[in-house]
Amino acid sequence: MTQFRFPLRLMAVACFGLSVSACVDNLPDLDALNEPEVSRLSQVAPPGAEPGTCWGKHVTPAVIETVTLQVMMQPAEVLADGTVRQPAIFKTETQQQIVQERKEIWFQTPCQEQMTPEFVSSVQRALAARYLYRGSVNGEMDARTRAAVRKYQKPEGLDSGILSLAAARKLGLVAVKLD
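Just so it is clear, the structure is predicted and the values come from calculations on it, not from any experiment.

(A) Quick peek at the environment of E101. Position of E101 among the secondary structure elements: in the loop between strand 5 (89-100) and strand 6 (103-109). Each C-alpha atom of the pair E101 and V63 lies 6.7 Å from the other, and the pair is 38 residues apart in sequence. Here E101 is in contact with P61 and A62, once residues within four sequence places are set aside.

Below, the structure written as structure tokens:
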């Protein structure tokens, strides 16, 4: 009877390992869960935009910190020999300061007629080839796809899940106009 204990335990561990690896593959993409729903296109283009172009807008909110300061109300009285006759009197003030201003970034995007399921599938495949997209290629600009777009664009200075025309060109999905 003891002959079969080790192989059965080994098989149980192997089966458990396989089931854990299957669970790991099905874990949700946490970045995609945090990706906000966004409107893809802006209704109004920025001033001076070429007619017929499509634009996105990314707004970064202002960062405000609460700062506590010690304000001297009355300086210390110090005698000529260096002894302190009366210490300084301070008041604590708390105020809010804008650490980073609110920013609006306008950027050109592919227009709605270009955002076909085939085009979005190409975006998903291009991002998957760069190890940024882990979902299925379904042709939908869903939260997982927007999270991958954000990861791709963030090093270029655009922290948005809206696909910019510049990113689409860099991915090789949109033709570049030559002068």
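(B) Inspection of the state of the cysteines at higher detail. Applying the stated criterion to the full structure yields one disulfide. Residue pairing for C54: its cysteine sulfur links by disulfide to C111, the two sulfurs lying 2.1 Å apart. Across the disulfide from C54 to C111, rotation about the S-S bond amounts to roughly 110°, and the bridge is consequently right-handed. Placement of the pair is C54 in strand 1 (residues 54-60) and C111 in the loop between strand 6 and helix 3 (117-129), with a sequence separation of 57 residues. Both residues of the pair, C54 and C111, belong to the buried class.

(C) How the structure looks around the nonpolar core. With 17 residues, the main nonpolar core has F119, V123, L127, Y152 and L163 as its most contacted residues. Sorting the residues of this core by element identifies helix 3, helix 4 (143-153) and helix 5 (165-170) as the ones contributing at least two each. If near-sequence neighbours (up to four positions away) are discounted, L163 is found in contact with F107, T109, P110, F119, V123, V149, Q153 and A168.

(D) Main features of the pattern of salt bridges. Within the structure shown, the criterion is met by six salt bridges. When the shortest N-O distance is used, the salt bridge between E156 and K170 registers 2.7 Å. Placement of E156 in the loop between helix 4 and helix 5 and of K170 in helix 5 is noted, with a sequence separation of 14 residues between them. By relative accessible area, which is 56% here, E156 ends up exposed.

(E) Seen up close, helix 3. Here helix 3 spans 18 Å end to end across 13 residues, near enough to the 18 Å set by a 1.5 Å rise per residue. Restricting attention to buried positions, one finds in helix 3 the residues F119, V120, S121, V123, Q124, A126 and L127. Buried positions along helix 3 lie against helix 4 and helix 5. Of the residues one or two after helix 3, Y131 is the one with positive phi, at around 60°.

(F) Region of interest: unusual backbone geometry. Positive phi values are uncommon outside glycine, yet Y131 reaches one of about 60°. You can see Y131 is positioned in the loop between helix 3 and helix 4. Overall, the relative accessible area of 75% leaves Y131 in the exposed class.

(G) Seen up close, the packing of helix 3 against helix 4. Packing of helix 3 against helix 4 leaves a shortest axis separation of 10 Å and a crossing angle of 55°. Our classification of the angle between helix 3 and helix 4 gives oblique. Viewed along their axes, helix 3 and helix 4 form a crossing whose handedness is left-handed. Residue-level contacts link V123, Q124 and L127 of helix 3 to T145, A148, V149 and Y152 of helix 4. For the contact of helix 3 with helix 4, the residue count by class is five nonpolar, two polar and no charged.

(H) Looking closely at the confidence of the model for the protein. Scored by pLDDT, the protein comes out at a mean of 81, with 75% of its residues at no less than 70. The weakest mean pLDDT in the protein belongs to helix 1 (residues 5-25) at 45; the strongest belongs to helix 3 at 95. With pLDDT under 50 throughout, residues 1-8 is counted as low confidence; its partners more than four residues away or in other chains account for zero contacts. Scored below 50 in pLDDT, residues 10-27 shows one contact in the model against residues more than four places distant or in partner chains.

Definitions and limits used
Residues numbered from 1 in each chain as written. Predicted model: local features only at pLDDT ≥ 70, side-chain atom pairs only at ≥ 80, totals over all residues. Heavy atoms only, no water. Helix = DSSP H or I, 4+ residues; strand = E, 2+ residues; numbered from the N terminus. Contact = heavy atoms within 4.5 Å. Disulfide = S-S within 2.5 Å. Buried < 20%, exposed > 50% of the residue type's maximum accessible area, 1.4 Å probe, protein only. Core = buried A, V, L, I, M, F, W, Y, C linked by side-chain atoms within 4.5 Å. Salt bridge = Lys/Arg side-chain N within 4 Å of Asp/Glu carboxyl O. Expected span 1.5 Å × (residues − 1). Axes fitted to C-alpha atoms, helices over the stretch in contact; angles between N-to-C directions. Parallel < 35°, antiparallel > 145°, perpendicular 65-115°, else oblique. Left-handed = near helix turned anticlockwise from the far one by under 90°. Nonpolar A, V, L, I, M, F, W, Y, C, P; charged D, E, K, R; others polar. pLDDT = per-residue confidence, 0-100.

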